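# Remarks on the overall topology
Each chain, letter by letter, is given below.
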Amino acid sequence: MASLRATFRLSGLAKVATRHNTLAFTAVRAYSTKHQGLKDRLKELIPEKREEVKKVKAEFGDKVLGETTVDMAYGGMRGIKGLIWEGSVLDAEEGIRFRGLTIPECQKVLPAAEGGSEPLPESLFWLLVTGEVPTKEQVRGLSAEWAARAKLPKFVEELIDQCPKTLHPMSQFSLAVTALQHDSKFAKAYQTGTVKKNDYWDTTYEDSMDLIAKLPNIAGRIYQNVFKHGKHTTAIDPKLDYGANLANLLGFGDKKEFVELMRLYLTIHSDHEGGNVSAHTTHLVGSALSDPYLSFAAGLNGLAGPLHGLANQEVLRWITKMREELGGKDVSDDTIKDYVWKTLNSGQVVPGYGHAVLRKTDPRYSCQREFALKHIPNDPLFKLVSQIYTVAPDILLEHGKTKNPWPNVDAHSGVLLSAYGLVEQDFYTVLFGVSRGLGVLSQLIWDRALGMPLERPKSYSTAAIKAMYAKK
């Protein structure tokens, strides 16, 4: 069993120390017991983590995390330090770390599928929940468990099938997740008063595992109904991993590279600390003791917004429009520069560039670029994305209205999906949602395990702020 001190070193709070450790990935200890399940390991970790939090609050409870300004209040609470999120920490210069590991480190140490090279989403979920790198046996066990939990209730299948094709896939996704609440173990236990507060995590875990397991079936059914004439000929294969099953349900399981893309995509989109809309919304609704289904459905509704999960669609549409307007052929960097300036001078933004926190190229963009260079280097849209990457940052710096002129994850994901034939842009955010479930639900389990309270920040009116500073 990991010591309290070792567990603390693995947390996002130790980001600075981990960054300077040249063997950072070895700091996350691989738990060597081959047959121990995730829930058994989690049950061992919870008392340690509760004691750790208790000590942190006792020692640092009166310390100041940051200062809040009026601009922050009017600016969407941008940059306010006020959340605990165990799974990942986002650094402006370094990018994301999952339990202390960078994306390249995750690609190196997390188990991959037999014959594959990208980390399995199951292995990332285990890491997010425990802070430990799982063994291959533990990952296979988790794949099998999710497959066993994956079947949708008949009434949920019928509910999805009754949705008109014109209803946005994200609306259908949220609707199906909400309907699954019918079988919530947490809601039933709470309603009957048969569970103590210290054990809320148990049924939250069960609901989260059931929900994550069912997300590929929901996504696949929506995709087939809306875009492929409602042919449901594929079922979850208990011998396959999560990403491979999702690829099968979408109808792309025969494309080995697409299966690998799904594994990578689901891993890198899973978590991005707690302040983004989908993560914060899931956490906020969950703080009211809403069960995982209601909490995650709320997060999906936030993810569906144009300023969050829909951004990848906007990127692909902008790039596709550029290529059409430029004659559908390769063009010079100067031509690309002119088009970027045209976009900016028309009052629009360059989609896929800039980030609320990052001040460098998003590592999630970089790993997708590496995937494309390896598998589809001559794809026309990828070549265009690469040209934009070469010229856009300097233009955005000259333009002077963006703090971060570098690409984010959305600048690349849509191009990869379209290259393999998944061209239905309205569906892209559903894939994002499947992935995001891994991050927000792993945190929700810990919210309940640590007894995190109802979230209730203080607000002020404009008149109150004026009166407050008029006195000074």
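Nothing here was measured: the structure is a model prediction, and the numbers come from that model. (Residues numbered from 1 in each chain as written. Predicted model: local features only at pLDDT ≥ 70, side-chain atom pairs only at ≥ 80, totals over all residues. Heavy atoms only, no water.)

### Things to note about the overall build of the protein chain
Counting its secondary structure elements, the protein chain contains 22 helices and two strands. In summary, the protein chain has a C-alpha radius of gyration of 22 Å against a globular reference of 23 Å for 472 residues, a match within 12%. The dimensions of the protein chain, computed from C-alpha atoms along their principal axes, are 70 × 65 × 50 Å. The long-range share in the protein chain, meaning contacts at least 24 apart out of those at least 6 apart in sequence, stands at 77%. Of the accessible surface of the protein chain, which amounts to about 21700 Å², a share of 54% is contributed by carbon and sulfur atoms. In the protein chain, the 59 positive side-chain charges and the 54 negative ones have mean positions that sit 3 Å from each other. (Helix = DSSP H or I, 4+ residues; strand = E, 2+ residues; numbered from the N terminus. Rg over C-alpha atoms; globule rule 2.2 N^0.38 Å. Contact = heavy atoms within 4.5 Å. Areas by Shrake-Rupley, 256 points an atom, 1.4 Å probe, with all protein chains shown as cover. Lys, Arg positive; Asp, Glu negative; His and termini not counted. Charge placed at Lys NZ, Arg CZ, Asp CG, Glu CD.)

### Considering the pattern of salt bridges
A side chain with one charge can pair with a side chain of the opposite charge if their charged atoms come near. By the definition in use, this model includes 23 salt bridges. Notably, a salt bridge pairs Lys49 with Glu86, separated by 3.1 Å at the nearest N-O pair. A residue pair is termed long-range when its members are at least 10 positions apart, and Lys49 in helix α3 (residues 38–60) and Glu86 in the loop between α4 (70–74) and β1 (88–91) qualify at 37 residues. Like Lys49, the residue Glu86 is buried in the burial classification. The partner of Asp362 in a salt bridge is Arg364, with the nearest N and O atoms 2.8 Å apart. Each of the two residues, Asp362 as well as Arg364, counts as buried. What emerges from the salt-bridge pattern is a single network uniting Lys39, Glu145, Arg149, Lys185, Asp202, Glu206 and Asp210. (Salt bridge = Lys/Arg side-chain N within 4 Å of Asp/Glu carboxyl O. Buried < 20%, exposed > 50% of the residue type's maximum accessible area, 1.4 Å probe, protein only.)

### Section: unusual backbone geometry
A positive phi is found at Met77, a non-glycine position, where the angle reads about 60 degrees. Secondary-structure assignment places Met77 in the loop between α4 and β1. Its relative accessible area of 44% is what places Met77 among the partly exposed residues.

### So, the confidence of the model for the protein chain
Summarising the model, the protein chain shows a mean pLDDT of 89, and 92% of its residues fall at 70 or more. Confidence drops under pLDDT 50 across residues 1–34; counting only partners more than four residues distant or on other chains, this segment forms 71 contacts. (pLDDT = per-residue confidence, 0-100.)

### With respect to the side chain of Ser413
Among the secondary structure elements, Ser413 is positioned in helix α20 (residues 410–419). The class of Ser413 is buried, set by a relative accessible area of 1%. Contacts of Ser413, omitting those with residues within four sequence positions, involve Tyr265, His269, Asn312 and Gln368.

### Thoughts on the packing of aromatic side chains
In this structure the tally under the stated criterion is 13 aromatic pairs. Lying across the ring of Tyr460, Lys458 places its NZ or CZ 5.4 Å from the centre. (Phe/Tyr/Trp six-rings, centres within 6.5 Å; stacked < 30°, edge-to-face > 60°. Lys NZ or Arg CZ within 6 Å of the ring centre and 35° of its normal.)

### Some words on the UniProt feature "active site" (unreviewed entry) in the protein chain
As recorded in UniProt, the sites labelled "active site" (unreviewed entry) are His308, His355 and Asp410. These annotated residues cover 103 residues of sequence, and their C-alpha atoms all fall within 10.6 Å of one another, placing them together at a single site. In this fold, His308 is placed in the loop between α15 (292–303) and α16 (311–325). For His308, a relative accessible area of 14% puts it in the buried group. (UniProt positions renumbered as here; feature names shortened; annotations may be inferred.)

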